[in-house]
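# An overview of the molecular structure
Residues per chain, in single letters:
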Amino acid sequence: MSQSVRTRPEGSGQALSEAYDTALLDLDGVVYAGGHAIVHAVESLATAREGGMRLAYVTNNALRTPDAVAEHLTELGIPSGPDDVITSAQAVARLIGEQVPAGARVLVIGGEGLRVALRERGLEPVESADDDPAAVVQGYGGPDLPWGRFAEASYAVARGVPWFASNTDLTIPSGRGIAPGNGAAVQVVRIATGAEPQVAGKPLPPMHRETILRTGAERPLVVGDRLDTDIEGAFNGGVASLLVLTGVTDGPLLLAAPPQHRPTYVDADLRGLLTGQPEVVEAGSGFRCGGWTASAGAERLELDGEGAVLDGLRALCAAAWTSAGEGSCGLDGGKALARLGL
């Protein structure tokens, strides 16, 4: 896939589930939120799978094991096995295993997902900086992770032990709202030590490599709700992406996206896997999608027409991204988005 600057969402004459062999699906904000399935997710994924598309669930959350994630998905009505789940814990364990001797001790700051992934690589999880670890690994440990675990990591890192992080997402969605993620916890150790970890999770290459190794995907489609992890990860891996608007990304964020955060396709939810995608075409000094035409004025984005909300958003993306070039659109799109109800 070309790394040229994207100036508009792409169209597809085929359903995306037919055009791509494997969907690499983020979980939080895409498949479920707060432990409950997102509307249309269960039936959309079932239809895509029945049509021959492989479904792989790719998460930066290193807390739960693949078995636990698969069990949760199955309970939601999405039959899954542990081989269908790829976590940042697995990606960081591979990264560590390539740099330390077999059987080495690794100080774990996080949950069971990290411990299981390390053992899978033949590494020994330990709990103290005084256990002579060859590496320190930090992953999301849940809201009840004791503060003392950050001190334990800091002691080891300050002694020169190599430091790894499953991911650096600053936030994580929960049933009650947005909570601090592993990136916030990593920042605590960074402040205490002045060191920088090696990071494995989305949007960085180790996570993409882990996903491709485990799925064997030849024509993958990354499906996510976050521009700075899912979509940037697809950009870094040179593969196509579908942004769904069921999570953290809203209209203003999408219009202001720099090139590495611009998705190939945009849709409301996972039903977008089952359809083609409308084409965005040049129309005079602007862009047309469906019944909408969008253009960039002197100070703001303009939108005219009527029809499906998503078509209007796609046209606006084209106007915003073209005007921004390789930067972020600074034009006011508030009035146009308000007209779409976004």
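Residues numbered from 1 in each chain as written. Predicted model: local features only at pLDDT ≥ 70, side-chain atom pairs only at ≥ 80, totals over all residues. Heavy atoms only, no water.

### Some thoughts on the sheet that holds strand E14 (residues 240-244)
Here we have 6 strands laid out as an open sheet, ordered E5-E4-E1-E13-E14-E15, and parallel in their pairing. Looking at which strands have only one partner, the edges of the open sheet turn out to be strand E5 (85-87) and strand E15 (265-267). Adjacent strand axes in the sheet meet at a mean angle of 25° when their direction is disregarded. Relative to strand E13 (residues 220-224), strand E1 (residues 22-25) runs parallel, the two sharing 4 bridges. What sits directly across from Leu25, in E13, is Val223. Along the sheet, helix H9 (residues 227-237) makes contact with E13 and E14, crossing E14 at roughly 155°. (Pairing = 2+ DSSP bridges. Helix = DSSP H or I, 4+ residues; strand = E, 2+ residues; numbered from the N terminus. Axes fitted to C-alpha atoms, helices over the stretch in contact; angles between N-to-C directions. Contact = heavy atoms within 4.5 Å.)

### Details of the environment of Ala234
The topology assignment puts Ala234 in helix H9. Separated by 36 residues in the primary sequence, Ala234 and Gln198 place their C-alpha atoms 20 Å from one another. Once residues within four sequence positions are removed from consideration, Ala234 is found in contact with Val222, Val239, Ala240 and Ser241.

### Remarks on the pairing of strand E8 (residues 135-138)
Judged by which residues are buried, E8 turns out to be covered on both faces: Ala135 and Val137 on one side and Val136 and Gln138 on the other are all buried. Examined bridge by bridge, strand E6 (residues 105-109) and E8 share 4 bridges and lie parallel to one another. Bridging across to E8, Leu107 finds its partner in Val136. Pairing of E8 with strand E9 (residues 163-165) involves 3 bridges; the strand directions are parallel. Among the inter-strand pairings, Val137 is bridged to a residue of E9, identified as Phe164. Once you follow E8 into helix H6 (residues 148-158) and on to E9, the crossover reads as right-handed. (Buried < 20%, exposed > 50% of the residue type's maximum accessible area, 1.4 Å probe, protein only. Right-handed = clockwise from strand over helix to strand, strands pointing away.)

### A few points about the environment of Leu145
Among the secondary structure elements, Leu145 is positioned in the loop between E8 and H6. Once residues within four sequence positions are removed from consideration, Leu145 is found in contact with Ile109, Gly110 and Phe150.

### A few points about the sheet that holds strand E16 (residues 281-283)
Here 4 strands make up an open sheet; going across it, the order is E16-E17-E18-E19 and the pairing antiparallel. The open sheet has two edge strands, E16 and strand E19 (301-305), and neither has a second partner. The sheet shows a mean angle of 30° between the axes of neighbouring strands, taken without regard to direction. Bridging between E16 and strand E17 (residues 286-289) involves 3 bridges; their strand directions are antiparallel.

### Description of the nonpolar core
Ranked by internal contacts, the top residues of the largest apolar core, which has 30 residues, are Leu25, Val31, Leu45, Tyr57, Leu221, Val223 and Leu270. When residues of this core are traced back to their parent elements, those giving at least two are helix H1 (16-19), E1, helix H2 (41-50), strand E4 (54-59), helix H3 (66-75), E13 and E14. For Leu45, the residues in contact, after removing those within four places along its chain, are Leu25, Val31, Leu55, Tyr57, Ile78, Leu270 and Leu273. Counting 28 residues, the second-largest nonpolar core is a separate cluster that includes Leu243, Trp292, Cys317 and Ala320. (Core = buried A, V, L, I, M, F, W, Y, C linked by side-chain atoms within 4.5 Å.)

### What about the packing of H6 against helix H7 (residues 182-193)?
Following both chains from N to C, one finds H6 and H7 inclined at 45°, their axes separated by 9 Å at the closest point. Overall, the two elements H6 and H7 adopt an arrangement that is oblique. Taken as a pair, H6 and H7 cross one another with a handedness that is right-handed. Here Phe150, Ala153, Ser154, Val157 and Ala158 of H6 lie close against H7, whose contacting residues are Ala185, Val188, Val189, Ala192 and Thr193. When the residues that make up the contact of H6 with H7 are grouped by side-chain class, the tally is 8 nonpolar, 2 polar and no charged. (Parallel < 35°, antiparallel > 145°, perpendicular 65-115°, else oblique. Left-handed = near helix turned anticlockwise from the far one by under 90°. Nonpolar A, V, L, I, M, F, W, Y, C, P; charged D, E, K, R; others polar.)

### Topic: the packing of aromatic side chains
For the coordinates displayed, the defined rule picks out 2 aromatic pairs. Here Tyr20 and Tyr265 contribute two aromatic rings whose centre-to-centre distance is 6.2 Å and whose plane-to-plane angle is 70°, an arrangement assigned as edge-to-face. With Tyr20 in the loop between H1 and E1 and Tyr265 in strand E15, this residue pair connects regions lying 245 residues apart in the sequence. Taking the centre distance of 5.3 Å and the plane angle of 90° together, the rings of Trp147 and Phe150 count as edge-to-face. (Phe/Tyr/Trp six-rings, centres within 6.5 Å; stacked < 30°, edge-to-face > 60°.)

### Quick word on helix H8 (residues 205-215)
Those residues of H8 that sit buried are Pro206, Met207, Glu210, Thr211 and Thr215. Down the axis of H8, the buried side of the element spans an arc of 150°, and every buried residue falls inside it. Facing away from the buried side of H8, by more than 90 degrees, are the exposed residues Pro205 and Leu213. The inward-facing, buried residues of H8 abut E1, E4, E5, helix H4 (88-97) and strand E12 (198-199). Gly216 lies just past H8 and shows a positive phi near 70°. (Arc of directions from axis to C-beta.)

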